[in-house]
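One-letter residues, chain by chain:
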Amino acid sequence: MAAHVPTMLAMIIVSSLMMAASMAVVGWGRRRDGLGRWAAALLVNAIGHGLIMLRGLVPDLLSVVLGNLLLSCVFVGMIAAIRQFQGRPAGWGLLLVPPALVTGFVIAFIDNFAARVSFVGLVISLQAVWALATALERRDATVGRGQWLLVAGLALEAVVLSGRALLALSSTAVASGILQASALQTLTFLATFSVVLISSMGFVFMARDQADENNRIMAAIDPLTGVANRRSLISALDRDVSRAVRTREPIALMMVDIDHFKRVNDRYGHPVGDQVLCHVVEVLRGRVRAQDLVGRYGGEEFMVVLPDTTLLGAEQLARELCRAVAESRCRIGSTEGGSDTRTEPGGTNIAVTVSIGVFGGRLETGDSWDMLIAAADRALYQAKENGRNRVEVATGLRRPSAQRANLDNPETHPVSRY
Ligand SMILES: Nc1nc2c(ncn2[C@@H]2O[C@H](COP(=O)(O)OP(=O)(O)OP(=O)(O)O)[C@@H](O)[C@H]2O)c(=O)[nH]1
């Protein structure tokens, strides 16, 4: 099948322009997801194919030299866009080598159509492979399936252009002029049309999936401390509680509250208070296991969810955390020292302590996350009542019925029930 070449070129031009305009609109103001660079590449693609369509009507310098240069620059833009999406520098210097080679070769062989098709086809197909490899390099960091569309389009372009380049010198299938119809010309331009559609759609989906992922992370994270926020804490706790009920494995929960935090704010101001919050989070996170979840429950109160943990284990960890916070010093920039500060060259160290309420045990059907929080909160309240900078343990859940949690070694924890 040998389709009418100018018609196919027109299809490529129109689809590139429409896709470029759509991506420019969608990507407007979102400088870092690469949509703008990809749209620019599509615009260059439209102009390059436009110049090729004008073969014979405009000087060869424009149609042949500039046209081929622009077609090579399309992949410069695409690779730069993929790298921008991945948060990497474009590396323009190396990217511009293929267009320079194409320009030099086309000028030198301006009268040899087969040699030009062969060389330019090979260079551009290598650029497509380069773009493909760039996309695959950070595959794990890219969410969603859009990347596979992108890769599929680039792979198609690479295969068709390299096949055409290899056939160019030995076969008449390539035709003797760019506007002459042949089956191979049809395949080539269909592949270019496909890369415009498939890879561009893939790139848009990638950007959308990444934005969704970022939103999902933002919605789950406390922006100040970078740990789970209350909403994601509760949903994780709910999931762990359901699992603990099902498996009868123990689960533990800590409520950690900074002591006299209001005084820190009052004495040093909110920004320093914020630093203290981050400092406490750092100490907590540095001492829990990978499967434990530290999050900010609200204000100066943190929660630590400890799946598969006995009351005894949680209590020991809580004491360790309490000690670690008390022994640590939150280093702040330039602030007036107070009674609980040590001034050292280059900054001030603020002493900070926490009180911790712990619940731990095996759960029964009907137990829910809010019952665990209430139990740990009661213990926390008692820790505050008993003088702060200490750990208190809740020995049971307040169930609606007379049931009790089957706690680990309750006799080894002869503490009062809060
Ligand atoms: N800097 C800062 N302060 C906060 C933030 N969230 C809550 N706070 C402050 O935390 C303080 C909590 O004070 P209180 O509830 O009285 O507790 P406390 O002073 O720690 O006293 P105890 O818990 O009884 O030891 C208040 O001053 C809040 O304004 C925050 O994100 N940053």
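Every value quoted in this text rests on a predicted model; they were computed, and no experiment measured them.

Draft legend 1. Representation of the overall build of the protein chain within the structure. Scanning the protein chain from terminus to terminus reveals 13 helices and 8 strands. Per-residue burial over the protein chain gives 43% buried out of 418 residues. For the protein chain, the proportion of contacts with a sequence separation of at least 24, taken over those separated by at least 6, is 71%.

Draft legend 2. Broad picture of the sheet that holds strand S8 (residues 391–394). Strands sit in the order S2-S3-S1-S7-S8 across an open sheet of 5 strands; the sheet is mixed. Whereas interior strands pair on both sides, the edge strands pair on one side only; in this sheet they are strand S2 (293–298) and S8. Each strand axis lies, on average, 20° off the axis of its neighbour in the sheet, ignoring direction. Of the strand pairs in this sheet, strand S1 (residues 251–258) and strand S3 (residues 301–307) are connected by 7 bridges, and their pairing is antiparallel. Its bridge partner lying in S3, Leu 253 is registered against Val 305. The strands touched by helix H11 (residues 270–285) are S1, S2, S3 and strand S7 (354–361); relative to S3, the strand with the most contacts, the crossing angle is about 15°. Contacts from helix H12 (residues 311–327) reach S1, S3, S7 and S8, with the element oriented near 170° to S7.

Draft legend 3. Expanded view of the site of the ligand. As a matter of local geometry, the ligand sits amid 16 residues, with Phe 261, Lys 262, His 270, Gly 273 and Gly 299 nearest to it. At the level of secondary structure, the elements contributing two or more residues to the shell around the ligand comprise S1, helix H10 (261–268) and H11. Per element, the largest residue contribution to the shell around the ligand is 4 residues, and it comes from H11. Of the residues that constitute the shell around the ligand, the class distribution is 4 nonpolar, 5 polar and 7 charged.

Draft legend 4. Structural context of the environment of Ala 10. Positionally, Ala 10 belongs in helix H1 (residues 5–27). Classification of Ala 10 as partly exposed rests on a count of 14 C-beta atoms within 10 Å. For the pair Ala 10 and Met 53, spaced 43 residues apart in the sequence, the C-alpha separation amounts to 8.0 Å.

Draft legend 5. Region of the structure containing the packing of helix H3 (residues 60–85) against helix H5 (residues 97–108). Orientation of H3 relative to H5, taken along the N-to-C sense of each, is 160°, at an axis distance of 9 Å. Between H3 and H5, the crossing angle belongs to the class labelled roughly antiparallel. For H3 against H5, the interelement crossing comes out right-handed. Together, Val 64, Val 65, Asn 68, Leu 69, Ser 72, Cys 73 and Val 76 of H3 and Pro 98, Pro 99, Val 102, Thr 103, Val 106 and Ile 107 of H5 make up the contact between the two elements.

Draft legend 6. Seen up close, the UniProt feature "transmembrane region" (unreviewed entry) in the protein chain. Per the UniProt entry, the sites bearing "transmembrane region" (unreviewed entry) are residues 6–26, 38–58, 64–82, 89–110, 116–136, 148–167 and 187–207 in this numbering. The distance separating the terminal C-alpha atoms of residues 6–26 is 30 Å; by composition the span is 100% helix and 0% strand. What you have in residues 148–167 is 100% helix and 0% strand, and the ends, taken at the C-alpha atoms, are 28 Å apart.

Draft legend 7. Main features of helix H13 (residues 369–385). Between the first and last C-alpha of H13 there are 24 Å, a value that for 17 residues agrees with the 24 Å anticipated at 1.5 Å per step. Within H13, burial applies to Trp 369, Leu 372, Ile 373, Ala 375, Ala 376, Asp 377, Ala 379, Leu 380 and Ala 383. Considering only its buried residues, H13 is in contact with helix H9 (230–247), S1, S7 and S8. Gly 387 lies just past H13 and shows a positive phi near 120°.

Calculation notes
- Residues numbered from 1 in each chain as written.
- Predicted model: local features only at pLDDT ≥ 70, side-chain atom pairs only at ≥ 80, totals over all residues.
- Helix = DSSP H or I, 4+ residues; strand = E, 2+ residues; numbered from the N terminus.
- Buried ≥ 20, exposed ≤ 12 C-beta atoms within 10 Å, placed from the backbone.
- Contact = placed C-beta atoms within 7 Å.
- Pairing = 2+ DSSP bridges.
- Axes fitted to C-alpha atoms, helices over the stretch in contact; angles between N-to-C directions.
- Near = placed C-beta within 6 Å.
- Nonpolar A, V, L, I, M, F, W, Y, C, P; charged D, E, K, R; others polar.
- Parallel < 35°, antiparallel > 145°, perpendicular 65-115°, else oblique.
- Left-handed = near helix turned anticlockwise from the far one by under 90°.
- UniProt positions renumbered as here; feature names shortened; annotations may be inferred.
- Expected span 1.5 Å × (residues − 1).

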